[in-house]
Amino acid sequence: MESSMKSLSSFHDRYLKSFKLFLERSTEHQCMKKFFDNDLPDIINSIGKRGVSCLNVLGIGSGSGEMDLAILEKIHSKYPGVSIHNEVVEPNAGLISKYKELVKEKGQGLNASFTWNQMYTTDYEKQNKERKESKKFDFIHMIQLLYFVENAHDTIKYFHSILERNGKLLIIQTANDSGWSSLWTKFGSRFPTSISLDVQNVLAEMKMKYQIYEHSSDFDITECFIEGNENGDCLLDFLTDSADFRKTAPEDLKSEVLQHLHQPACSREENKKILFRNNLKFIVIDY
Ligand SMILES: C[S@@+](CC[C@H](N)C(=O)[O-])C[C@H]1O[C@@H](n2cnc3c(N)ncnc32)[C@H](O)[C@@H]1O
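What this report covers is the structure whose coordinates are included nearby. Here the structure is a predicted model, which is why all the values come from computation and not from measurement. (Residues numbered from 1 in each chain as written. Predicted model: local features only at pLDDT ≥ 70, side-chain atom pairs only at ≥ 80, totals over all residues. Heavy atoms only, no water.)

**A closer look at the nonpolar core**
Grouped together as the largest cluster of nonpolar side chains are 32 residues, with contacts concentrated most on Phe36, Ile75 and Phe139. Of the residues forming this core, the biggest block, 6 residues, is contributed by helix α4 (residues 66–78). In this structure Phe139 touches Leu40, Ile44, Ile47, Asn56, Val57, Leu58, Ile71, Ile75, Lys168 and Leu170, once residues within four positions along its chain are discounted. Judged by nonpolar contacts, the second largest core, of 30 residues, contains Phe22, Leu197, Cys234 and Leu235. (Core = buried A, V, L, I, M, F, W, Y, C linked by side-chain atoms within 4.5 Å. Buried < 20%, exposed > 50% of the residue type's maximum accessible area, 1.4 Å probe, protein only. Helix = DSSP H or I, 4+ residues; strand = E, 2+ residues; numbered from the N terminus. Contact = heavy atoms within 4.5 Å.)

Shown next, in the form of structure tokens:
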């Protein structure tokens, strides 16, 4: 890693600004909703097999909860007479507040109650172990989270261990054929954060049974190529997980990254826009 570069994830406000712009410029959440509409209803068929009156759901790294709420809506429409208890693990207080507002606005009628855990996954695990509580969940999801945890293997192992019989663990990440994968395989060691995108290897090591679904998504990165464009700078920060990439990255890295972002492995040109391959994979792990 180049010494003056710093990880974007450690600058909360800047990270949130970049993430918001990314969501505005990409079809990330639309792509997830396509999966929720097309595939999720069948996947959650089995979780209600226990014939219970309440289903327990756990969302990890929920952010401001838009996708979590969309999942709850699907569970509710599949099991309209069943109540839902939803636990949230999210370290960012500002995002939890936004999630709570969203629940007030759109969560009525879901027959759902919430427990808010403002903490990291490791603290949640510690808290459960200290309480000697073995609460189990019918559905657990980690949406674009695993890049940020200290140890993906241990995180998956622990959360899989608290699945209820017939439960499912859903992991959503960028697909192997995405621009993210190409960019980070080529330059990851020169960026400030070490992010591992390779969850399937971890699952294979753990001999876990899973199914994979994929849906395509685009991310408009045209502004990244306009020198002095503030939004473009934020998007570059998001792509490289570097705070102020354009100012802090060495010249050679900057020009190599910009050149690579233009290559077919990362993007295509359409109507004068440069569209980054933001394809997603949806990994569903059985109990
Ligand atoms: C890329 S955002 C995804 C947010 C949301 N799931 C979505 O897809 O819109 C990653 C989220 O994970 C949270 N996060 C980061 N590290 C975490 C950890 N170790 N444990 C739990 N959450 C974490 C961040 O605060 C952030 O809200």
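**Points about the site of the ligand**
As a matter of local geometry, the ligand sits amid 16 residues, with His29, Gly61, Glu90, Thr121 and Ile143 nearest to it. Side-chain polar atom of His29 to an oxygen atom of the ligand: 3.0 Å apart, as the coordinates give it. The contact in question runs from a nitrogen atom of the ligand to an N or O atom on the backbone of Gly61, over 2.8 Å. Surface burial for the ligand is 91%, taken as the share of its 590 Å² of free accessible area covered by protein chains. Of the residues belonging to the shell around the ligand, the class tally is 9 nonpolar, 6 polar and 1 charged. (Near = heavy atom within 4 Å. Polar contact = N/O pair within 3.5 Å; in protein donor to acceptor, adjacent residues only side chain to side chain. Areas by Shrake-Rupley, 256 points an atom, 1.4 Å probe, with all protein chains shown as cover. Nonpolar A, V, L, I, M, F, W, Y, C, P; charged D, E, K, R; others polar.)

**Re the side chain of His141**
Position of His141 among the secondary structure elements: in strand β4 (residues 137–143). The contact partners of His141, leaving out residues within four places of it in the chain, are Val57, Leu58, Gly59, Ile60, Asp68, Ile71 and Leu170.

**Overview of helix α2 (residues 28–38)**
Of the residues making up α2, those classed as buried are Glu28, His29, Cys31, Met32, Phe35 and Phe36. All buried residues of α2 lie within an arc of 160 degrees about the axis, which places them on one face of the element. (Arc of directions from axis to C-beta.)

**A look at the sheet that holds strand β8 (residues 267–270)**
Ordered by their spatial adjacency, 3 strands build an open sheet running β7-β9-β8, and the pairing between neighbours is antiparallel. For this open sheet the edge positions go to β7 (218–220) and β8, each flanked by a neighbour on one side alone. Sheet twist, expressed as the average angle between the axes of neighbouring strands with direction ignored, equals 35 degrees. Sheet topology places β8 next to strand β9 (residues 273–277); 4 bridges connect them, and they run antiparallel. Note on β9: the bridge partner recorded for Glu270 is Lys273. (Pairing = 2+ DSSP bridges. Axes fitted to C-alpha atoms, helices over the stretch in contact; angles between N-to-C directions.)

**A few points about the pairing of β4**
Where burial is concerned, most of β4 is hidden: 7 out of the 7 residues are buried. Note: strand β1 (residues 54–60) against β4, 4 bridges, orientation parallel. Paired with Gly59 across the bridge in β4 is His141. In the sheet, β4 pairs with strand β5 (residues 163–174) via 6 bridges, with the strands oriented parallel. What sits directly across from His141, in β5, is Leu170. At this point the chain moves from β4, through helix α7 (residues 152–161), to the parallel β5, and the crossover so formed is right-handed. (Right-handed = clockwise from strand over helix to strand, strands pointing away.)

**Describing the pattern of salt bridges**
In the structure shown here, the tally under the stated rule is 20 salt bridges. With a closest N to O distance of 2.5 Å, Asp237 and Arg14 form a salt bridge. Pair noted here: Asp237 is in helix α10 (residues 230–240) and Arg14 is in helix α1 (residues 12–25), with a separation of 223 residues, a long-range link. In this structure Asp237 comes out as buried when scored by relative accessible area, which is 0%. We note a salt bridge from Arg25 to Glu24, for which the minimum N-O separation is 3.8 Å. (Salt bridge = Lys/Arg side-chain N within 4 Å of Asp/Glu carboxyl O.)

**Some points on unusual backbone geometry**
When glycine is set aside, most residues are seen to have a negative phi, and most peptide bonds are trans. Unlike most non-glycine residues, Asp244 shows phi in positive territory, near 55 degrees. Mapped onto the elements of the fold, Asp244 is located in the loop between α10 and α11 (245–248). Here the phi dihedral of Asn271 falls at roughly 45 degrees; this positive angle occurs in a residue that is not glycine. By secondary structure assignment, the location of Asn271 is in the loop between β8 and β9.

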